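# Architecture at a glance
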Amino acid sequence: MPPPSDIVKVAIQWPGAFPKLMEIDQKKPLSAIIKEVSDGWSISQNHDDLALQYADGSGFYITEKNRNEIKNGAILRLTDSPATNAQRLHDRVQSSSMDVKLEGLKDLAKYSRDITFAQEFINLDGIYLLTQMVESDPERYQKLQKIMKPCFREMLSYTLTAFVELMDHGIVSWDTFSVAFIKKIASFVNKSGMDVSILQRSLAILESMVLNSIDLYQKVAQEITIGQLIPHLQGTDQEIQTYSIAVINALFLKAPDDIRQHYIEDSIDIVDYPLSEMANILAQKQLRSIILSHVIRAQKTINNEMAHQLYVLQVLTFNLLEDRMMTKMDPQDQAQRDIIFELRRIAFDVEPDQNNLGGSIEKRKSMYTRDYKKLGFTNNVNPALDFTHTPPGMLALDNMLYFAKHHQDAYIRIVLENSSREDEHECPFGRSSIELTKMLCEILKVGELPSETCNDFHPMFFTHDRSFEEFFCICIQLLNKTWKEMRATSEDFNKVMQVVKEQIMRSLTNKPSSLDQFKSRLQNLSYTEILKIRQSERMNQEDFQSRPILELKEKIQPEILELIKQQRLNRLVEGTCFRKLNSRRRQDKFWYCRLSPNHKVLHYGDVEESTQGEIPHDNLQDKLPVADIKAIVTGKDCPHMKEKGAHKQNKELLELAFSIMYDSNCQLNFIAPDKHEYCIWTDGLNALLGKDMISDQTRNDLDTLLSMEIKLRLLDLENIQIPDAPPPIPKEPSNYDFVYDCN
């Protein structure tokens, strides 16, 4: 008799028959189980043409590869094999009857989500069939009978849906598609009044083409213009807006480097300019202002996918600065040296021609050296040498020139103000600008590829055409202000930079909606305020280190840990919506997992879209008893990270991955939406297994709650000095005559 771990109790359905309850031996071949079931119902059909399938509506087939995922209590049905079903649907979608064809396409769109069926349908040249159906343009039939127009639109929608689902499996290369097909898909995007479902799937297909094929990138870029995408961005459907920005991001991401660098050139009219010149497009006020007004400000709430696409656009835009950031200044390049001359001219109102009138060469050199010292360059004789380190390279000089030209009064004030101070208290503008530019590049991660999971975009960077330069201008004035507040000297330079970075990071955390709001928040974060914040945090983290307080902490810590544990378990009971790991950038498949109120079972199952609310347990078909969980693994130890090689490609994805190991070689794989949810779930699962909660979130919560609890308990002792050690025990008395004798 097989061990209990190899037996799964399920219910199996067959049309026209009562469901059958049976035990499946997982060590037994699947074909033998299917034969046993079909013989039990006396089904005449050859058992080789039959298969088991989940009866939850997903259409997923049971195979030898995935049979270990069957759970106790699962409801299955005996149905046609994937090959038989694929052949039937292949015939139905070619039927001359519009009704039969439409129903066939609906079923095809549903079944194509299963990789087993997809492989069989693709083997029948199913992809070629669908592309031919798309290219055939069913609109020609609409001229014959206008009443059939909605039917053809619905057919096209399901055709594109099936195509997207089939291509999602990565079985067929994207390089196999013709220019005619690309033109047809692009035409659906370019037409006005197109159905939302058709438009959405067309944009998704174009995005995948660009991301998965260099050749298709060039072809798609020739078919799509920014003028054709702008109406979709100006609409109210956030999903269409999201896919439109995703196409822009994909084209920009795959654009050759020489095209991207046109960003720094003068802008041009973009309405009918091909998206292959992405850098020029992104430099335009029109696109930026449309995204700002119709996406960021118009939508009441921005969903996670839209936030991610805006984050990607932000990162790719800032990455255009990488070339200048990594370019060293050539001291022999006269054009580059002229920029330094221009900085000197604006600061001291000195015309270049006057420098050559009279005086010896030594005198003029001395004058230049004096002025360069006032400008705060490290190398007073040849300031060009200050820009030979990368990063920030020439980007620092670009920022300085922008500040001098566009904020001339502030620039002159800073330079003259510091040049009048004593040398040791002078805030060197040149050195400060170079180090600040380097810091801002680190904060905004200039030159790094966008994370697959991050959605940390900042609305204020979409409010100005030259947002990075304006960001620098605000921060360089902050640096000068902080320098004065700290009464810093040249020896304090690094300390000032640390304070400025803290001021910037704390202001960015609040996601200001505009650069003016960012500037206003910086004004409220003076050096004095930073000291108060640091002192408060130090009180929370480092204060109360005396022995009595430490003993009190040790006494109440178990209570706090139990409170944290209950919070984690309550969050698991509420549940979380997780994304499915997908080879394509468009991640629109989700599943939901939650813990039962009695903490004994994990309920999970696929959901149609990301949800913020709780999903009832009854709607989640799959179950995993907590008692069956063997271990929790994280990061590169997760099976789905090893399979995908994610640990070599995406560090952020690796940091959000964890898996539940159960039974024999079975696992439930997770990709957390963010670091917070990762900590909540790993803590909660470890708590269920009786293990320690070791996440950063638990440490932070423990420190915060311990500090609060201790402060509450010590309120009555305010302003009373607590000794570091208990008072000494007095010596024993010489006699105990003072003891009261009850007798």
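Treat the numbers as computed from the prediction; the structure is a model and nothing was measured.

### Let's talk about the overall build of the protein chain
The secondary structure content of the protein chain amounts to 33 helices and 11 strands. Each of the 743 residues in the protein chain was classed as buried or not, and the buried ones make up 48%. Put simply, of all contacts in the protein chain between residues at least 6 apart along the chain, 66% involve residues at least 24 apart. Surface summary for the protein chain: the accessible area is close to 37,800 Å², and the carbon and sulfur share equals 49%.

### Considerations on the environment of Glu709
Note on placement: Glu709 falls in helix 33 (residues 696–713). Relative accessible area serves as the criterion here: at 24%, Glu709 is assigned to the partly exposed category. Remark: the alpha-carbon pair of Glu709 and Gln557, spanning 152 residues in sequence, is separated by 9.8 Å.

### A few points about the sheet that holds strand 2 (residues 20–25)
Sheet strands pair via backbone hydrogen bonds, and the direction of the pair is either parallel or antiparallel. If you trace the 4 strands from one edge of the open sheet to the other, you get 2-1-4-3, paired in mixed fashion. The outermost strands of the open sheet, each flanked by one partner alone, are strand 2 and strand 3 (50–54). For this sheet, the mean inter-axis angle between neighbouring strands, taken without regard to orientation, is 45°. Inspection of the sheet shows strand 1 (residues 7–13) paired to strand 4 (residues 75–80) by 3 bridges, in the parallel sense. By the bridge assignment, Ile12 is partnered in strand 4 with Leu76.

### Topic: the sheet that holds strand 10 (residues 657–662)
If you walk across this open sheet you meet the 3 strands as 9-10-11, and the pairing is antiparallel. Each edge of the open sheet carries a strand with a single partner, namely strand 9 (629–634) and strand 11 (666–671). Each adjacent strand pair in this sheet contributes to an overall mean axis angle of 20°, direction not counted. Packing against the sheet, helix 32 (residues 675–688) makes contact with strand 9, strand 10 and strand 11, and its axis sits at approximately 20° to strand 10.

### Brief notes about the pattern of salt bridges
Inspection of the entire model under this criterion finds 28 salt bridges. The residue Lys35 makes a salt bridge to Asp39 at a minimum N-O spacing of 2.9 Å. Of this pair, Lys35 and Asp39 both sit in helix 1 (residues 30–40), 4 residues apart, roughly one helical turn. Judged by relative accessible area, which is 39%, Lys35 ranks as partly exposed. Several salt bridges converge on common partners, so that one network encompasses Glu103, Lys106 and Glu154.

### Here we look at the pairing of strand 3
For strand 3, the tally of buried residues reaches 5 of 5 residues, placing the bulk of the element in the interior. Neither face of strand 3 is exposed, since Leu50, Leu52 and Tyr54 on one face and Ala51 and Gln53 on the opposite face are all buried. As paired elements, strand 3 and strand 4 share 5 bridges and run antiparallel to each other. Following the sheet pairing, Leu52 is matched in strand 4 by Leu78.

### Things to note about the packing of helix 28 (residues 547–574) against helix 32
With their axes 8 Å apart at the nearest point, helix 28 and helix 32 run at an angle of 105° to one another. One way to sum up the angle between helix 28 and helix 32 is to call them roughly perpendicular. Of the residues in helix 32, those touching helix 28 at Lys565, Gln567, Arg568, Leu569, Arg571 and Leu572 are Glu677, Cys679, Ile680, Trp681, Asp683, Gly684, Leu685, Ala687 and Leu688. Each residue belonging to the contact of helix 28 with helix 32 can be placed in one class, and the counts come to 8 nonpolar, 2 polar and 5 charged.

### Some remarks on the environment of Arg344
Note on placement: Arg344 falls in helix 18 (residues 334–348). With relative accessibility at 2%, the residue Arg344 sits in the buried group. Between the C-alpha atoms of Arg344 and Tyr372, which are 28 residues apart in sequence, the distance is 7.4 Å.

### Considerations on the packing of aromatic side chains
Per the stated rule, a full pass over the model turns up 29 aromatic pairs. Ring centres 5.9 Å apart and planes at 50° place the aromatic pair Tyr368 and Tyr372 in the tilted group. Of this pair, Tyr368 and Tyr372 both sit in helix 20 (residues 361–374), separated by 4 residues, roughly a single helical turn. Owing to a relative accessible area of 4%, Tyr372 belongs among the buried residues under this scheme.

### Considerations on the packing of helix 18 against helix 21 (residues 394–406)
Contact pair helix 18 / helix 21: the axes reach a minimum separation of 10 Å and the direction vectors enclose 35°. Here helix 18 runs over helix 21; the crossing is left-handed. Where helix 18 abuts helix 21, its residues Gln336, Ile339, Ile340, Glu342, Leu343 and Ile346 lie against Met394, Leu397, Met400, Leu401, Ala404 and Lys405. Residue composition of the contact of helix 18 with helix 21, by class: 9 nonpolar, 1 polar and 2 charged.

### A look at unusual backbone geometry
Omega for the bond connecting Thr390 with Pro391 falls within 30 degrees of zero, at -15°, which places this linkage in the cis form. As for its placement among the helices and strands, Pro391 is situated in the loop between helix 20 and helix 21. One non-glycine residue, Asp125, adopts positive backbone phi at about 60°. Not every positive phi belongs to a glycine, and Arg487 is a case in point at roughly 50°. Following the sequence through the fold, Arg487 ends up in the loop between helix 24 (467–486) and helix 25 (493–509).

### Observations concerning helix 33
Taking 1.5 Å per residue as the helical rise, helix 33 with its 18 residues ought to reach 26 Å, and the 26 Å between its terminal C-alpha atoms agrees with that figure. Buried within helix 33 we find Thr698, Leu702, Leu706, Ser707 and Ile710. Taken around the axis of helix 33, the buried residues stretch over an arc of 155°, which confines them to a single face.

### Brief notes about the nonpolar core
Counting 82 residues, the largest nonpolar core has Leu108, Phe163, Met209, Ile291 and Leu310 as its most contacted members. At 10 residues, helix 7 (residues 149–167) tops the list of elements feeding residues into this core. Core analysis: the second largest hydrophobic core is formed by 65 residues, Phe472, Ile474, Trp483 and Val496 among them.

### Remarks on helix 11 (residues 226–233)
All of the buried residues along helix 11 are Ile226, Leu229, Ile230, His232 and Leu233. All buried residues of helix 11 fall inside an arc of 160° around its axis, so they share one side.

### Some words on the pairing of strand 7 (residues 601–607)
With 5 of 7 residues buried, strand 7 is to be regarded as a mostly interior element. Pairing between strand 6 (residues 590–595) and strand 7: 6 bridges, direction antiparallel. Within the sheet, the bridge partner assigned to Cys593 lies in strand 7 and is Tyr604. Hairpin connection of strand 6 to strand 7: 5 residues between the antiparallel strands, including His599 at a positive phi of 65°. Across 4 bridges, the pairing between strand 7 and strand 8 (residues 622–625) is antiparallel.

### With respect to the confidence of the model for the protein chain
In regions of low pLDDT, the predicted coordinates are not meant to be interpreted in detail. Averaged over all residues, the pLDDT of the protein chain equals 85, while 86% of them reach at least 70. Segment residues 140–148: pLDDT under 50, and 4 contacts once partners within four positions in sequence are set aside and those in other chains are kept. Low pLDDT (under 50) marks residues 260–276, which in the prediction has 53 contacts with non-local residues, meaning those over four places away or in another chain.

Scoring rules and cut-offs
- Residues numbered from 1 in each chain as written.
- Predicted model: local features only at pLDDT ≥ 70, side-chain atom pairs only at ≥ 80, totals over all residues.
- Heavy atoms only, no water.
- Helix = DSSP H or I, 4+ residues; strand = E, 2+ residues; numbered from the N terminus.
- Buried < 20%, exposed > 50% of the residue type's maximum accessible area, 1.4 Å probe, protein only.
- Contact = heavy atoms within 4.5 Å.
- Areas by Shrake-Rupley, 256 points an atom, 1.4 Å probe, with all protein chains shown as cover.
- Pairing = 2+ DSSP bridges.
- Axes fitted to C-alpha atoms, helices over the stretch in contact; angles between N-to-C directions.
- Salt bridge = Lys/Arg side-chain N within 4 Å of Asp/Glu carboxyl O.
- Parallel < 35°, antiparallel > 145°, perpendicular 65-115°, else oblique.
- Nonpolar A, V, L, I, M, F, W, Y, C, P; charged D, E, K, R; others polar.
- Phe/Tyr/Trp six-rings, centres within 6.5 Å; stacked < 30°, edge-to-face > 60°.
- Left-handed = near helix turned anticlockwise from the far one by under 90°.
- Expected span 1.5 Å × (residues − 1).
- Arc of directions from axis to C-beta.
- Core = buried A, V, L, I, M, F, W, Y, C linked by side-chain atoms within 4.5 Å.
- pLDDT = per-residue confidence, 0-100.

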